[in-house]
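Report on the structure
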Amino acid sequence: MYSLRQANSRFRELRRVLVLAASVGSALLVFTVLPRAQTPSAKAPSAASARNTAKKALLVPRSEYVGDQACERCHGDKVESYEKTAHHLTSQLASKSTILGTVGPGENIMRTSNPDLYFRMEAKDGRFYQSAVWGTPPNEKTRTHSLDLVIGSGGQGQSYLYWNDDQLFGLPVGYSTLMHRWINGPGYVDGTAEFDRGIIPRCLECHAAYFESKFPSADSNVYDTTNFVLGISCERCHGPGRGHVEMEDRGTAAKTTRAARRPIVNPAKLSSPRRAEICGQCHGGHGAPEALPAFSYVPGQPLGNYINLSDSSKDVDVHGQQGKLLMRSKCFQASLDMTCSTCHDIHKAEPDLSALSQRCLGCHRVEMTATHSKVGSALASNCVDCHMPMLPSKVVSLDIDGKQIPARFRTHWIRIYSEEERR
Ligand code: HEC
Ligand code: HEC
Ligand code: HEC
Ligand code: HEC
Ligand code: HEC
Ligand code: HEC
Ligand code: HEC
């Protein structure tokens, strides 16, 4: 936690400089937008420049974002409980406490199905390293990279990233919490050592609050190494908070700044599609290259303006597609107001399956069907494993000791499953 705060305060320092740059930027934005609105008779702009102006209007300068610490003063209880959630912990600086795998002797080697290749994880002077080792001593060759960022709170596992100057790459070896061991990261082939997989903005958009791209494009892995915020922030779901904070600080009279006219978003007060899109920015699939740069989506605005999630595939995977699966459920279709918040309180660490099963009982009385009668008293404490089983993903698999093992995720298509289907 210490390191995360450190990164955030570094970010705050830097923001002071950026605020100046950005206020110049927003002045320019006002200048370019206003004249056109006020003079409708002006020469029609070309289609491309009209599109650019329309896109700019969807973008909010970074200076409007204030970070989680700014909320703590007035929403201390929410900030405190939120810090224990998977969302907050989904990206962190690498440290002894954030890396779940063991780097001590005896447990720091991962062998592969290639007898000439193994991986070694080490700590040296407070930093962490991953090495690929080829051949046999004394003719060993190694390639070593630092382990700088941790992705994944560790419910299932973690991936690790390294900086090479200002380029961000994935490391081939990850960690499986379920198997308690180092594994080939998802998509990495056992027996090879691939260190050159660039980390694109979309990956970080789902797993972090913010990364500043040096060359904004969907496939660039070049970032400003001093301007990033780890963990998913309050503002990713509530929108930029500067206006709200200023308004609450000075009282509602001071609605003078541009920002003050944009109040904080409460998802519960949005229309149901706008509300669903807030979760959908990260739980609605990977999508095609983005319509606007990563991290520009503003909660409450139509998501499709920012991220292109339309995909032709009818085969909805259990990985990261909870929204689409839930919509297939009778529970969703037959009740007017089921949302993600019906079962999940996003500001608190996820409760256990027994507590989550109580959410089902908010709408259902348990009928004594044939199967239910057999389960007996254990019934009420676990509706979930039978009606929302963990199912194998068709897109995420792990190559473990040369065998392809699909990762399993909790399906959100709530229905009756046979025992075979659940296996
Ligand atoms: C100076 C105190 C203060 C700060 C700082 C502050 N808030 Fe608030 N916030 C309030 C108060 C007071 C309310 C209740 C206002 C009301 O009843 O409409 C509120 C309401 C809200 C609401 C509900 C709004 C609604 O329309 O229902 C959200 C969401 C929210 N805050 C999020 C945040 C976030 C996120 C941050 C940090 C970026 C933040 N707040 C920072 C004081 C603050
Ligand atoms: C900025 C991206 C992002 C947004 C927005 C987002 N999520 Fe997530 N969510 C994630 C990621 C990434 C994980 C996996 C975190 C991990 O374990 O590392 C996750 C995990 C979860 C989990 C599992 C938590 C656990 O403890 O295992 C739930 C439940 C969840 N999200 C629900 C929601 C809901 C509901 C919303 C909307 C209110 C939402 N998420 C919005 C990215 C996001
Ligand atoms: C579209 C959003 C999205 C993108 C892009 C994405 N993830 Fe995820 N990731 C999720 C969600 C959501 C989860 C939680 C499991 C689930 O529901 O699928 C998750 C789970 C994980 C986990 C397991 C977390 C845990 O605590 O068990 C790791 C590790 C991970 N992702 C790494 C990555 C890496 C590395 C990238 C990019 C190379 C990436 N993800 C790209 C949304 C995303
Ligand atoms: C993953 C998305 C997400 C994140 C991150 C998030 N919230 Fe929320 N927040 C929501 C949703 C959804 C609601 C509406 C809940 C409902 O439907 O009842 C909400 C409601 C609120 C409310 C008003 C209603 C209430 O429950 O009191 C406040 C205040 C608030 N959030 C503050 C925060 C603060 C502060 C943070 C950061 C520490 C934060 N939120 C992080 C999704 C999020
Ligand atoms: C917001 C209310 C609500 C919640 C919460 C809810 N359901 Fe439902 N569920 C319904 C409604 C309404 C139906 C449709 C009933 C009908 O068609 O008679 C339904 C149908 C079902 C069915 C039958 C599905 C089918 O395809 O035949 C199952 C099984 C089910 N729910 C299980 C669950 C479980 C398990 C949970 C908790 C994880 C849950 N429900 C949570 C409202 C809800
Ligand atoms: C051991 C697995 C199992 C558990 C645990 C379980 N169910 Fe079921 N449920 C089934 C099966 C299988 C059916 C289909 C009818 C049958 O075979 O008895 C069913 C049917 C249903 C139906 C449709 C009933 C109907 O009359 O069509 C609902 C609603 C439902 N379950 C809700 C729940 C809820 C709520 C819980 C938790 C309190 C729960 N189930 C726990 C396996 C389970
Ligand atoms: C009817 C209740 C219900 C609703 C509605 C619901 N979830 Fe869940 N969700 C659950 C349960 C139960 C789990 C299992 C938690 C566990 O395994 O500890 C879960 C798990 C998750 C996970 C972790 C998945 C994994 O494989 O580890 C994510 C992510 C998630 N939900 C996101 C969402 C999002 C996004 C929405 C809205 C589109 C949503 N959920 C709506 C009940 C629900």
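The structure contained in this document is the topic of the report that follows. Keep in mind the model is a prediction, meaning the values are calculated, not measured.

Definitions and cut-offs
- Residues numbered from 1 in each chain as written.
- Chains lettered and ligands numbered in written order.
- Predicted model: local features only at pLDDT ≥ 70, side-chain atom pairs only at ≥ 80, totals over all residues.
- Helix = DSSP H or I, 4+ residues; strand = E, 2+ residues; numbered from the N terminus.
- Buried ≥ 20, exposed ≤ 12 C-beta atoms within 10 Å, placed from the backbone.
- Contact = placed C-beta atoms within 7 Å.
- Near = placed C-beta within 6 Å.
- Nonpolar A, V, L, I, M, F, W, Y, C, P; charged D, E, K, R; others polar.
- Core = buried A, V, L, I, M, F, W, Y, C linked by C-beta atoms within 7 Å.
- Domains from an automatic or database assignment.
- Pairing = 2+ DSSP bridges.
- Axes fitted to C-alpha atoms, helices over the stretch in contact; angles between N-to-C directions.

**Structural notes on the overall build of the protein chain**
- Per the secondary structure count, the protein chain includes 15 helices and 14 strands.
- Each of the 423 residues in the protein chain was classed as buried or not, and the buried ones make up 27%.
- When contacts within the protein chain are restricted to residue pairs at least 6 apart in sequence, long-range pairs at least 24 apart make up 54% of them.

**So, the site of ligand 7**
- Close to ligand 7 lie 21 residues; Q322, C340, C343, F409 and R410 are nearest.
- When residues of the shell around ligand 7 are traced back to their parent elements, those giving at least two are α9 (272–283), α10 (322–327), α12 (353–361) and β14 (403–410).
- Of the residues contributing to the shell around ligand 7, the split by class is eleven nonpolar, seven polar and three charged.

**A short note on the nonpolar core**
- Ranked by internal contacts, the top residues of the largest apolar core, which has 35 residues, are L161, A208, Y210 and F228.
- Residues from two domains meet in this core; each of domain 1 (2–89 + 230–305) and domain 2 (91–199) gives at least three.
- Apart from residues no more than four positions distant in its own chain, F228 is found in contact with A208, Y210, F211, E212 and Y223.
- Among the nonpolar cores identified, the runner-up in size contains five residues, and L325, L326, W413 and I414 belong to it.

**Some points on the sheet that holds strand β5 (residues 141–146)**
- With antiparallel pairing, four strands are arranged side by side in an open sheet as β2-β3-β4-β5. In this open sheet, the two edge strands, each paired with only one partner strand, are β2 (109–111) and β5. Put simply, the sheet's adjacent strands are angled 20° from each other on average, direction ignored.
- Direction of pairing for strand β3 (residues 117–124) relative to strand β4 (residues 127–134): antiparallel, over a ladder of eight bridges. Residue pairing for β4: K124 is matched across the bridge by R127.

**A few points about the pairing of β4**
- Here β3 folds back onto β4, and the loop between the two strands holds two residues, one of which, D125, carries a positive phi near 50°.
- Pairing between β4 and β5: six bridges, direction antiparallel. In the sheet register, A132 faces β5, and the bridge partner there is R143.
- Counting the residues in the hairpin turn of β4 and β5 gives six residues, including G135, whose phi is positive at 80°.

**Focus on the environment of K330**
- Note that K330 resides in helix α11 (residues 330–334).
- Taking the number of C-beta atoms within 10 Å as the measure of exposure, K330 has 11 and is therefore exposed.
- Placed 84 residues apart in sequence, K330 and I414 show a C-alpha to C-alpha distance of 7.4 Å.

**Some words on the site of ligand 3**
- By nearness alone, 22 residues border ligand 3, and G152, G155, Q156, C203 and C206 come closest of all.
- Listing elements by their share of the shell around ligand 3, those giving two or more residues are β7 (157–164), α6 (201–207) and α9.
- Element by element, the count of residues in the shell around ligand 3 is highest for α6, at four residues.
- A per-class count over the shell around ligand 3 returns seven nonpolar, 14 polar and one charged.
- A domain split of the shell around ligand 3 shows at least three residues from each of domain 1 (2–89 + 230–305) and domain 2 (91–199).

So far we have only geometry, and geometry alone does not tell us how the molecule works.
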